[in-house]
Amino acid sequence: MSRYWSDVVHRLTPYVPGEQPRIEGLVKLNTNECPYGPSEAVLAAMAAQTGEALRLYPDPQSSALREAIAAHHGLKPAQVFVGNGSDEVLAHAFLALLKHEAPLLHPDISYSFYPVYAKLYGIHTRELPLAEDFGIRVDDFLAATGDAQGAGAIIFPNPNAPTGMALPRAEIRRLLDGVPDAPVVIDEAYVDFGGESAAALIDRYPQLLVTRTLSKSRALAGLRVGYALGDPALIEALTRVKDSFNSYPLDRVAAAGAVASMQDEAWFAATCARIVATRERLTAALAARGFQVLPSAANFVFARHPGHAGAALAAALREHKVLVRQFPRPARIADFLRISIGTEAQTDTLLAALDRVL
Ligand code: PMP
């Protein structure tokens, strides 16, 4: 605390990211990174950004990247916004789209950055509990939207984090049909591993914003590139916020790498398929060891063992040099481990460690 702090700093509750330890030899399955390196085309495109290219500011509109993203999704560049990771895109969306009269609705168990942004921007939130089976109930969101408090906006990840469970597109449509007057933000950080994207609905629903990242399915968490897809009016709102904050969010190296990544469909399809195959193997192996594993459409699984408390199990795995994530709150998920999908060899190491610990 300092008397020089602003009122804003006094009211912050900052997000605590997963550990990025510098310890050699750790099997790192705690922050849902891709276990494989990015495509060679990405590395070559970034290496070409030297000398003269770095002397100049980057394109403030990131036009080449927005065109590559639009082409990938069959949309127009005016329907694409890019930023420094989807965290930054989400931050701009909170400022650009969320009104303060009615609460922002989000599930009680979802990405813990949402309440952090809400607090930063003084936005009132309302948490809706997940169902008994940890699914998101669209009916609850529809009911909350229609009651006295109403909804200023809705946000959730699909697949949800940290459960990994996905809602079918038909359910997203039912939500959008019932909430025409408030922005609906679907955070699709993990959609490439088996979820149904809402990107195809953008032309029909002007209140829909879909956010995406290159951090997971494109192995570029270190590059910090994310984007949003939506009606051009929503994209303009995000751009107005960006241009009032930092006109050049993407540096030239990141933008060039991201373009190459969006264009390398073969690497993308093969990598996603590989991760999904390992996820299915890990799910079966955990179930065989007595774990309850939630059905995952993401690059991680969320699992608990009836005989072991979550925190103790995570600590025991760490003793065996395997890092996983455990969330102490809310209490309902405290016994779950969130385990990122690693390589086949990392999965072998994890299973061998579990066999010693269980
Ligand atoms: N949304 C969800 C649900 C996430 O889990 C993450 C990763 N922590 C992000 C968004 C942000 O990812 P990035 O900023 O790397 O794009």
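Throughout this document, residue positions are counted from 1 along each chain, in the order its sequence is written. Given that this is a predicted model, residues contribute local features only at a pLDDT of at least 70 and side-chain atom pairs are listed and counted only at 80 or more, while totals for whole chains, interfaces and linings are drawn from all residues.

## Overview of the UniProt feature "modified residue: N6-(pyridoxal phosphate)lysine" (unreviewed entry) in the protein
Phase 1: Here, UniProt's "modified residue: N6-(pyridoxal phosphate)lysine" (unreviewed entry) annotation points to Lys-216.
Phase 2: The secondary structure listing takes helices from DSSP runs of H or I that are at least 4 residues long and strands from runs of E that are at least 2 residues long, numbered from the N terminus. Inspection of the secondary structure assignment puts Lys-216 in the loop between strand 7 (208-213) and strand 8 (226-230).
Phase 3: Remark: residues whose backbone-derived C-beta atoms lie within 7 Å of one another are considered to be in contact. Residues in contact with Lys-216, not counting those within four places in the same chain, are Asn-32, Cys-34, Ala-189, Tyr-190 and Asn-299. UniProt positions are given in the numbering used here, feature names are shortened, and annotations may be inferred rather than shown by experiment.

## Side note on the pairing of strand 2 (residues 80-83)
Phase 1: Counting other C-beta atoms within 10 Å of its own, a residue is labelled buried from 20 upward, exposed at 12 or fewer, and partly exposed in the gap between, with every C-beta atom placed from the backbone. Residue alternation in strand 2 divides its side chains into two sets, Val-80 and Val-82 and Phe-81 and Gly-83, and both sets are buried.
Phase 2: Relative to strand 8, strand 2 is paired through 4 bridges, and the arrangement is antiparallel. Within strand 8, the position partnered with Gly-83 by the bridge is Gly-226. The criterion for strand pairing is that DSSP finds at least two bridges linking the strands in question.

## Observations regarding helix 13 (residues 344-357)
Phase 1: Helix span is expected to be 1.5 Å times the residue number reduced by one. Between its terminal C-alpha atoms helix 13 stretches 20 Å, which fits the 20 Å expected from 14 residues at 1.5 Å a residue.
Phase 2: Among the residues of helix 13, Thr-347, Leu-350 and Leu-354 are the ones counted as buried. Angularly, the buried residues of helix 13 cover 60° about the axis, an arc narrow enough to put them on a single face. Residues of helix 13 that are exposed and point over 90 degrees away from its buried face: Ala-345, Ala-352, Asp-355 and Arg-356.
Phase 3: Looking at the buried side of helix 13, the elements it contacts are strand 1 (27-28), helix 11 (265-288) and strand 11 (322-323). Here, the arc refers to the directions that run from the helix axis to the C-beta atoms.

## A look at the nonpolar core
Phase 1: Within the largest apolar cluster, 100 residues are counted, with the highest numbers of intra-cluster contacts made by Ala-93, Val-210, Ala-228, Ala-258 and Val-259.
Phase 2: Beyond its immediate stretch of four places on either side in the chain, Ala-228 contacts Phe-81, Val-89, Ala-93, Leu-209, Val-210, Thr-211 and Leu-238. For this analysis, nonpolar core means a set of buried Ala, Val, Leu, Ile, Met, Phe, Trp, Tyr and Cys residues linked through C-beta atoms within 7 Å.

## Quick word on the site of the ligand
Phase 1: Lining the immediate environment of the ligand, one finds Gly-85, Ser-86, Asp-87, Tyr-111, Pro-157, Ala-161, Asp-187, Ala-189, Thr-213, Ser-215, Ala-221 and Gly-226.
Phase 2: Sort the elements by how many residues they give to the shell around the ligand and helix 5 (residues 85-97) lands first, with 3 residues.
Phase 3: Basically, the charged four are Asp, Glu, Lys and Arg, the nonpolar ten are Ala, Val, Leu, Ile, Met, Phe, Trp, Tyr, Cys and Pro, and anything else, Gly included, counts as polar. Its residues placed into classes, the shell around the ligand shows 5 nonpolar, 5 polar and 2 charged. Put plainly, near means the residue's C-beta atom, positioned from the backbone, lies within 6 Å of the molecule or strand in question.

## What to know about helix 5
Phase 1: Under the 1.5 Å per step criterion, the end-to-end length of helix 5 is 18 Å for 13 residues, consistent within 8% with the ideal 18 Å.
Phase 2: Residues of helix 5 that are buried: Gly-85, Ser-86, Asp-87, Val-89, Leu-90, Ala-91, His-92, Ala-93, Phe-94, Ala-96 and Leu-97.

## Brief notes about the sheet that holds strand 5 (residues 153-157)
Phase 1: Spatial ordering of the open sheet is given by 2-8-7-6-5-3-4, a layout of 7 strands whose pairing is mixed. For this open sheet the edge positions go to strand 2 and strand 4 (125-128), each flanked by a neighbour on one side alone. Adjacent strand axes in the sheet meet at a mean angle of 20° when their direction is disregarded.
Phase 2: The pairing of strand 6 (residues 184-187) with strand 7 spans 4 bridges and is classified as parallel. Considered in strand 7, the bridge of Val-185 is made with Leu-209.
Phase 3: Axis angles are defined between N-to-C directions and span 0 to 180 degrees, where every axis is a line fitted to C-alpha atoms and, for a helix, only to the segment in contact. Where helix 7 (residues 138-146) meets the sheet, it contacts strand 3 (104-107), strand 4 and strand 5, and its direction lies at approximately 145° from that of strand 4.
Phase 4: Taken strand by strand, helix 9 (residues 232-243) contacts strand 2, strand 7 and strand 8, and its axis lies near 30° from that of strand 2.

## Notes on the packing of helix 11 against helix 13
Phase 1: Two elements in contact, helix 11 and helix 13, have axes separated by 11 Å at closest approach and are oriented at 10°. Relative to helix 13, helix 11 is oriented roughly parallel. Two secondary-structure elements touch here, helix 11 through Thr-278, Arg-281, Leu-282 and Ala-285 and helix 13 through Glu-344, Thr-347 and Leu-351. Relative orientations are named as follows: roughly parallel for angles under 35 degrees, roughly antiparallel for angles over 145 degrees, roughly perpendicular for angles from 65 to 115 degrees, and oblique for any other angle.

## As for the confidence of the model for the protein
Phase 1: Along the chain, pLDDT gives the predictor's confidence residue by residue, from 0 to 100. In this model, the protein carries a mean pLDDT of 96, and residues with pLDDT of at least 70 account for 100%.
Phase 2: Interface confidence for the predicted complex, given as ipTM, is 0.99, next to a pTM of 0.97.

## Things to note about the sheet that holds strand 9 (residues 292-293)
Phase 1: An order of 9-10-12 is seen for the 3 strands of this open sheet, with the pairing classed as antiparallel. Every interior strand has two partners, whereas the edge strands, strand 9 and strand 12 (336-340), have only one.
Phase 2: Bridge count between strand 9 and strand 10 (residues 300-304): 2 bridges; the pairing is antiparallel. Residue pairing in the sheet places Val-293 in a bridge with Ala-303 of strand 10.

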